[in-house]
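Structural description and commentary
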Amino acid sequence: MYKKSIKAYKQSSDLIPGGVNSPVRAFKSVKCDPVFFDRGIGSKLYDVDGNKYIDCVSSWGPLIFGHADKDTIKAINKYSKRGTSYGAPTLHETEMAKQITKMVPSIEKVRMVNSGTEATMSAVRLARGFTGKRHIIKFAGNYHGHGDSFLIKAGSGAITLGLPDSPGVTKNIAKDTLIASFNNIESVEQLFSKKENDIAAVIVEPVSGNMGLVLPQNGFLKSLKRLCSRNNALLIFDEVMTGFRLAKGGAQEIYGVSPDITTLGKVIGGGLPVGAYGGKSKIMESLAPLGPVYQAGTLSGNPLAMQAGLSVLKKLNNTVFSKLDTISREITDGIRTNIKEIGVNAIVTRLGSMMTLFFTDKDEINNYEDAMSCDADKYANYFKLMLDMGIYLPPSQFECCFFSSVMTKADIKKIINSNRVALQKIA
Ligand code: KE4
């Protein structure tokens, strides 16, 4: 069933560390060899052995309209004929900036970069440069990319591989990053009082997707904003995952909280490498060449990536989000019914088209400790059973499903039926 993937993995492992270009792709925590994909069309993925899957990962979020979306392909075909990069300003970047600032009102000015990691690294440097302060606060289980400041109690691939604190991050860097507990505002208050007036920013995934899906509770985000204002610190919403995925204006639109800086990625590239960070003009104007905070990039604002991203952003409207919500709700309802009828210790958390099935006897997963108490081995069994039935899930208990708007009734039915078979086998 996976002969060619196994061969491909052996070949890639001779040349690429771990055989992959991003650790979570190695399927380590789900205890099986990675699948190598050949192509994606709509809601389907096809591996090099010709196996077909319903894709519930959407390249970790970017592909709202599924694989090889016709408008995205048309944009790439059209603009690639005019060249691929100029290393100079183009109208495409201004068009993208217009689109982002229209959809996310808290962003008055925006700078394009090439990944979510670049966006968060730059946002933190900007916050430190703007405030003249040293420390940042992040939350255990939040993942903001692989920048040194963030690989402390980091989520996503870092906890998946049991490496939340990476070697190579110096003690001097690590000590400037303070760790709080998600949904625990007192843990943030304590850090502010301890490091009074020397905290540049709080960076948070407003809806956490990197310890599995964990939602903010009881006004947590509003309290964060109030604390930051009171202590002259900046609030950074890392919406690399949630931006344009949960709503046109991302999580900040849903929860009605405007951060000082927002970081973006994934969806805004339509599958091509793009990141961005933006916020109030008075903050963003600290950036070179206007101000002293330096950040640069050869391929930043790449014309193809801009047009591929715009081909997606321009189509995002309430109809699309309501369709995504209906698809995701039907899948979630079906899985919850299976869990109840089979009597498995598991719960499902969903918001919009993001969903995680946690193997736990808890009623809710509200923070890193809760997430780490889940049965990752049971998830590994579940993952493999679903893979063999042609359902491609995120290869980690500490990630999210991302559904696409092109999933069909038949896809939904197959996901629910396969889930029932898998849960019966591992119950
Ligand atoms: P990238 O550098 O991977 O484009 O973005 C880093 C990043 C920043 N902030 C948030 C909230 C993110 O979720 C991410 C990256 N997300 C992971 C998936 N959980 C990327 C997948 C991977 O690492 O291979």
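These numbers come from a predicted model, not from an experiment. (Residues numbered from 1 in each chain as written. Predicted model: local features only at pLDDT ≥ 70, side-chain atom pairs only at ≥ 80, totals over all residues. Heavy atoms only, no water.)

Re empty space enclosed by the protein
Summed over the entire model, instances satisfying the criterion amount to 1 cavity of 30 Å³ or more. Its volume calculated, the largest cavity comes out at about 100 Å³. What lines the largest cavity is a set of 17 residues, and nearest its centre among them are Met355, Leu357, Tyr379, Leu393 and Cys401. Mapped by element, the contributors of at least two residues to the lining of the largest cavity are α12 (318-342), β12 (354-358) and α14 (376-388). (1 Å grid on protein atoms, 1.4 Å probe; cavity = no way out; pocket = protein on both sides within 12 Å on 5 of 7 lines; lining within 4 Å. Points joined across faces, edges and corners; volume = space filled by probe spheres on them. Helix = DSSP H or I, 4+ residues; strand = E, 2+ residues; numbered from the N terminus.)

Side note on the domain arrangement of the protein chain
Each assigned domain of the protein chain is listed with its residue range as follows: domain 1 (3-64 + 317-426) and domain 2 (70-313). A straight line from the C-alpha centre of domain 1 to that of domain 2 covers 25 Å. The interface of domain 1 with domain 2 comprises 39 residues on the first partner and 33 residues on the second. Considering only the surface of domain 1 that becomes buried against domain 2, Leu351, Met354 and Tyr368 emerge as the three largest contributors, covering 24% of it. The interface formed by domain 1 and domain 2 contains 0 salt bridges. In this structure, the connection of domain 1 to domain 2 is made through 9 residue pairs in polar contact (both at pLDDT 80 or more). Mapped onto the side of domain 1 that touches domain 2, the elements with two or more residues apiece are α12, β11 (347-351), β12 and α13 (368-372). By residue class, the composition of the side of domain 1 that touches domain 2 is 21 nonpolar, 13 polar and 5 charged. (Domains from an automatic or database assignment. Contact = heavy atoms within 4.5 Å. Buried area = accessible area lost by both parts, 1.4 Å probe. Salt bridge = Lys/Arg side-chain N within 4 Å of Asp/Glu carboxyl O. Polar contact = N/O pair within 3.5 Å; in protein donor to acceptor, adjacent residues only side chain to side chain. Nonpolar A, V, L, I, M, F, W, Y, C, P; charged D, E, K, R; others polar.)

Focus on the site of the ligand
Looking at the ligand, there are 17 residues lining it, with Ser22, Thr117, Asn210, Asp238 and Glu399 nearest. A distance of 3.0 Å separates an oxygen atom of the ligand from a polar backbone atom of glycine 116. Between the ligand and asparagine 210 there is a distance of 2.5 Å, counted from a nitrogen atom to a side-chain nitrogen or oxygen. A total of 540 Å² of accessible area belongs to the ligand in isolation, and the protein chains cover 87% of it. Split by residue class, the shell around the ligand holds 5 nonpolar, 8 polar and 4 charged. Shared between two domains, the shell around the ligand holds at least three residues of each, these being domain 1 (3-64 + 317-426) and domain 2 (70-313). (Near = heavy atom within 4 Å. Areas by Shrake-Rupley, 256 points an atom, 1.4 Å probe, with all protein chains shown as cover.)

A short note on the sheet that holds strand β13 (residues 391-392)
Sheet strands pair via backbone hydrogen bonds, and the direction of the pair is either parallel or antiparallel. Taken together, the 4 strands give an open sheet; going across it, the order is β1-β2-β3-β13, and neighbouring strands pair in mixed fashion. At either margin of the open sheet sits one strand with a lone partner, and together these are β1 (37-41) and β13. Summarising the sheet, strand β2 (residues 44-47) and strand β3 (residues 52-55) pair through 3 bridges and their orientation is antiparallel. Residue tyrosine 46 lies in a different strand from β3, and its bridge partner there is lysine 52. (Pairing = 2+ DSSP bridges.)

A word on the pairing of β1
If a strand is regular, its side chains alternate between the two faces of the sheet. Pairing of β1 with β2 involves 4 bridges; the strand directions are antiparallel. Note that in β2 the partner of glycine 40 across the bridge is leucine 45. Linking β1 back to β2 in an antiparallel pair, the connection comprises 2 residues, with glycine 42 at a positive phi of about 60°.

Some words on the packing of helix α2 (residues 70-80) against helix α11 (residues 303-313)
Orientation of α2 relative to α11, taken along the N-to-C sense of each, is 155°, at an axis distance of 8 Å. Of the possible angle classes, the one that applies to α2 and α11 is roughly antiparallel. α2 and α11 meet at a crossing whose hand is right-handed. Residues Asp71, Thr72, Ala75, Ile76, Tyr79 and Ser80 of α2 form the contact with α11, whose own contacting residues are Leu304, Gln307, Ala308, Ser311 and Val312. Within the contact of α2 with α11, the residues separate by chemical class into 6 nonpolar, 4 polar and 1 charged. (Axes fitted to C-alpha atoms, helices over the stretch in contact; angles between N-to-C directions. Parallel < 35°, antiparallel > 145°, perpendicular 65-115°, else oblique. Left-handed = near helix turned anticlockwise from the far one by under 90°.)

Some points on the nonpolar core
Core analysis: the biggest nonpolar cluster contains 50 residues, and Ile331, Phe359, Tyr382, Phe383 and Leu393 have the highest contact counts within it. Secondary structure elements with two or more residues in this core: β3, α12, β11, β12, α14, β13, β14 (401-402) and α15 (409-426). Looking at which domains feed residues into this core, each of domain 1 (3-64 + 317-426) and domain 2 (70-313) gives three or more. Sequence-distant contacts of isoleucine 331, that is, excluding residues within four places in its chain, are made with Met355, Phe403, Met407, Ile412, Ile415 and Ile416. (Core = buried A, V, L, I, M, F, W, Y, C linked by side-chain atoms within 4.5 Å. Buried < 20%, exposed > 50% of the residue type's maximum accessible area, 1.4 Å probe, protein only.)

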